[in-house]
Amino acid sequence: MSETTGSEIMLAVLAAGQSRRFGDDDKLTASLHGKMLGLHATDTLTRIAFDHRIIIASDPDHPCATGWKEMGYDIIVNDNAIKGQSASVRCAARQALACGASALHICLADMPYIAGQHIQNLSQAFEENGQNKVIASSEDGKAMPPAIFPPRLFARLADLQGDQGARELLQAAHLVPADDGSLLDIDTPELLASENRKGHGR
């Protein structure tokens with residue numbers, strides 16, 4: 001049974017990154033614990049009830065696409081992925097505006113250890129803060145995704161530029177600490193190999 005967020009939130013998983021630190025390979029197709037990296041976070045997030053689920057991808061035929069669709073995600077193609085993460089955030093915000101979402105929850109596809117309880121904690125904080133404040137995850141006091149954005153910021157998100165995504169908006173966010181290591185993003189082959197050597201112990 002799916003857990004409920006308690007609020008009508010659009011979930012947008014950003015999966016159109018250029019993976020520059022990973023070399024020429026698409027890191028989301030790399031195997032982590034026997035499953036493609038790009039399917040870990042999305043699988044965890046299927047256990048949370050959202051009104052809309054989208055994947056922002058650079059290719060509608062991405063190797064993870066079949067798995068994403070089976071999990072209930074709609075794939076939104078970002079034709080400007082080369083311009084950085086802000087282009088993916090713009091895509092997500094425009095989708096949230098178009099469907100009249102009450103909030104936009106942005107996650108990253110390369111964070112395989114995101115915990116369902118943390119997602120629930122973010123949603124609870126969003127409710128407690130009057131659904132009008134940015135809610136962000138934190139590790140060592142640093143604001144980072146997953147994060148929730150209220151509707152008043154959708155237009156601003158839809159006009160972001162550069163490769164900083166929504167980083168500026170996160171600086172004033174209400175922070176929700178995450179468990180150690182759960183916000184790890186796999187950005188190099190060496191880190192992927194290290195995590196595979198650790199097995200499923202997380």
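Structure shown above.
Quick caveat: nothing in here was measured; it's all calculated off a predicted structure.

Reading guide: rules and limits
- Residues numbered from 1 in each chain as written.
- Predicted model: local features only at pLDDT ≥ 70, side-chain atom pairs only at ≥ 80, totals over all residues.
- Heavy atoms only, no water.
- Phe/Tyr/Trp six-rings, centres within 6.5 Å; stacked < 30°, edge-to-face > 60°.
- Lys NZ or Arg CZ within 6 Å of the ring centre and 35° of its normal.
- Core = buried A, V, L, I, M, F, W, Y, C linked by side-chain atoms within 4.5 Å.
- Buried < 20%, exposed > 50% of the residue type's maximum accessible area, 1.4 Å probe, protein only.
- Helix = DSSP H or I, 4+ residues; strand = E, 2+ residues; numbered from the N terminus.
- Contact = heavy atoms within 4.5 Å.
- Salt bridge = Lys/Arg side-chain N within 4 Å of Asp/Glu carboxyl O.
- Pairing = 2+ DSSP bridges.
- Axes fitted to C-alpha atoms, helices over the stretch in contact; angles between N-to-C directions.

## Quick look at the packing of aromatic side chains
Scanning the entire structure with this criterion turns up zero aromatic pairs. The ring of Tyr73 has Arg53 sitting right over it, with the charged end atom 5.8 Å from the ring centre.

## Quick look at the nonpolar core
The tendency in soluble globular proteins is for nonpolar side chains to be buried side by side. Among the nonpolar cores identified, the biggest contains 67 residues, and Val13, Ile55, Trp68, Leu104, Ile119, Phe149 and Leu157 are the most heavily contacted of them. At six residues, strand β2 (residues 10-15) tops the list of elements feeding residues into this core. Among residues more than four places away in sequence, those in contact with Leu157 are Val89, Arg90, Ala93, Leu104, Phe149, Ala166 and Leu169.

## Digging into the pattern of salt bridges
Overall, the coordinates contain four salt bridges when judged by the stated rule. For Asp43, the salt bridge is made with Lys35, and the minimal N-O distance between the two is 3.1 Å. Judged by relative accessible area, Asp43 falls into the partly exposed class, the value being 23%. For Lys35, a relative accessible area of 29% gives the class partly exposed. In this structure, the salt-bridge partner of Lys198 is Glu195, at a minimum N-O distance of 3.0 Å. Taken together, the positions of Lys198 and Glu195, both in helix α7 (residues 189-198) and three residues apart, correspond to about one turn of that helix. Of the residues examined, Glu195 reaches a relative accessible area of 2% and is grouped as buried.

## Quick word on the sheet that holds strand β10 (residues 142-149)
The strand order across the open sheet formed by seven strands is β7-β6-β2-β8-β10-β9-β11, and the pairing between neighbours is mixed. Across the chains shown, the open sheet's two edge strands, defined by having one partner strand only, are β7 (74-77) and β11 (174-177). With direction set aside, neighbouring strand axes in the sheet form an average angle of 35°. By the bridge criterion, five bridges tie β2 to strand β8 (residues 104-108) in an arrangement that is parallel. Counterpart to Val13 in the pairing with β8 is Cys107.

## As for unusual backbone geometry
Residue Pro146 follows Pro145 across a cis peptide bond; omega there is -5°. Relative to the helices and strands, Pro146 is located in strand β10. Of note in the backbone geometry, Gln131 takes a positive phi value of approximately 55° without being a glycine. Turning to its location among the elements, Gln131 is positioned in the loop between α4 (116-128) and β9 (135-139). On the basis of relative accessibility, which here comes to 31%, the residue Gln131 falls in the partly exposed class. Unusually for a residue other than glycine, Asp140 sits at a positive phi of about 55°. As for its placement among the helices and strands, Asp140 is situated in the loop between β9 and β10.

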